[in-house]
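This is what each chain is made of:
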Amino acid sequence: MRAIWKGAVSFGLVSIGVKVYSATEEKDIRFHQVHREDGGRIRYKRTCSVCGEEVTYDDIAKGYDIGGGEMVILTDEDFAELPLTTSHAIDVLEFVPAEQVDPILYNKAYFLEPEGSATKPYVLLRDALADSERVAIVKVALRQREQLATLRVREGVLLLNTMLWPDEVRQPDFGFLDEDLKVRPPELAMASSLIDSMAGEFEPDAFTDDYRAALQEVIDAKVEGREVVQPEEEEAAPAAAVDLMAALKASVDRARAARGEAPEGGAGEPTPISAARSAQKAARATKAPAKKAAEKKAPAKKAPAKKAAEKKAEPAKKTAAKKTAAKKAPAKKAAEKKAAPRKTA
């Protein structure tokens, strides 16, 4: 890994020199825009919308639109006067319980590595933070911007999580929030039962990015020049439930069946789902006599004729076997007389 930032964690009067590394990386497959005919890369020129001339990076500045077609231009000198551009400090403000930090505020994660002789105070802060079961709220200047962040311990390393400012989180504004919707206690109980039946321990390694894997197979097939096998289509999502309780009950039963457990309540009162299944069985039972009648009307198969022929052949075989045995009997007795030893006086 390559350090993207160097600075120091200010912990009271203690200063801990650290290097900052990105803790995550995106695994998306990236593509280039190319010409379909010859595969040439598509290039874009930086041109001015006013004079039409191509502009180099040295001639590019940052502009802030104030409306009405007016623009305020900020140069590198304007940004150089800001105090945060040269600040390389992570200032610890306070320590708070981790559950008080709303996860929606978390943005990006970075590993902190001790630099030089800062290993001892680094380990001291790490162990003290782990024992307190709290996270440190800090301020840090990254990428020319002051950011709120937390410090916590992960796998023996201090982890810096930058955070959004509260005014950067949008407030939900949806029509259904103003509707007076009531949830019935049985529905709530059934939903809770569904949650219990699907409860488990979170293991991130058990989940994979199926789309990325399939896309990589397509790319590999293109490279190797072999035929691309189309992946199996996933089962379509079920339609919206009309009966909420029936859908919840069916979901609970399916989750229990997947775990090898008996359906909730055993063979108790009929539910809308079981009633529907009973109706389907009754319909199939009604169709069964008609099916048998149709089978009787169908022309007889050749199998009975074959069996009759086999029955006729069996007596003939037995008769022939008896005749052969009868012919062999006298010859056998004659042979026995000749072989018998003569009596001596």
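Owing to the predicted nature of the structure, the values given are computational and were not obtained by experimental measurement.

What counts as what
Residues numbered from 1 in each chain as written. Predicted model: local features only at pLDDT ≥ 70, side-chain atom pairs only at ≥ 80, totals over all residues. Heavy atoms only, no water. Helix = DSSP H or I, 4+ residues; strand = E, 2+ residues; numbered from the N terminus. Buried < 20%, exposed > 50% of the residue type's maximum accessible area, 1.4 Å probe, protein only. Contact = heavy atoms within 4.5 Å. pLDDT = per-residue confidence, 0-100. Pairing = 2+ DSSP bridges. Axes fitted to C-alpha atoms, helices over the stretch in contact; angles between N-to-C directions.

### Comments concerning the overall build of the protein chain
For step 1, the next point in the chain: Within the protein chain, the secondary structure is distributed over 7 helices and 9 strands.
For step 2, the next point in the chain: Across the 345 residues of the protein chain, 16% fall into the buried class.
For step 3, the next point in the chain: For the protein chain, contacts bridging at least 24 residues in sequence account for 59% of all contacts bridging at least 6.

### Points about the environment of glycine 40
For step 1, the next point in the chain: Within the fold, glycine 40 resides in the loop between strand S2 (14-22) and strand S3 (62-67).
For step 2, the next point in the chain: Filtering out sequence-adjacent residues up to four positions away, glycine 40 remains in contact with Gln33, Val34 and His35.

### Thoughts on the confidence of the model for the protein chain
For step 1, the next point in the chain: Across the protein chain, the average pLDDT comes to 78, with 70% of residues at 70 or higher.
For step 2, the next point in the chain: Ignoring residues within four places in sequence, the model shows residues 300-309, a span with pLDDT below 50, making 0 contacts including any to other chains.
For step 3, the next point in the chain: pLDDT under 50 marks residues 323-327. Its contacts with residues more than four places away, or in other chains, come to 0 contacts.

### Quick notes on the sheet that holds strand S1 (residues 5-11)
For step 1, the next point in the chain: Taken in spatial order, the 7 strands of this closed barrel run S1-S2-S6-S9-S8-S7-S5, and their pairing is mixed. Taking the axes of each pair of neighbouring strands and ignoring which way they run, one obtains an average angle of 40° across the sheet.
For step 2, the next point in the chain: Two elements, S1 and strand S5 (residues 89-97), share 3 bridges in a ladder whose sense is parallel. Note that in S5 the partner of valine 9 across the bridge is isoleucine 90.
For step 3, the next point in the chain: Packing against the sheet, helix H2 (residues 119-132) makes contact with S1, S2, S5, strand S6 (106-114), strand S7 (134-141), strand S8 (146-154) and strand S9 (157-163), and its axis sits at approximately 70° to S9.

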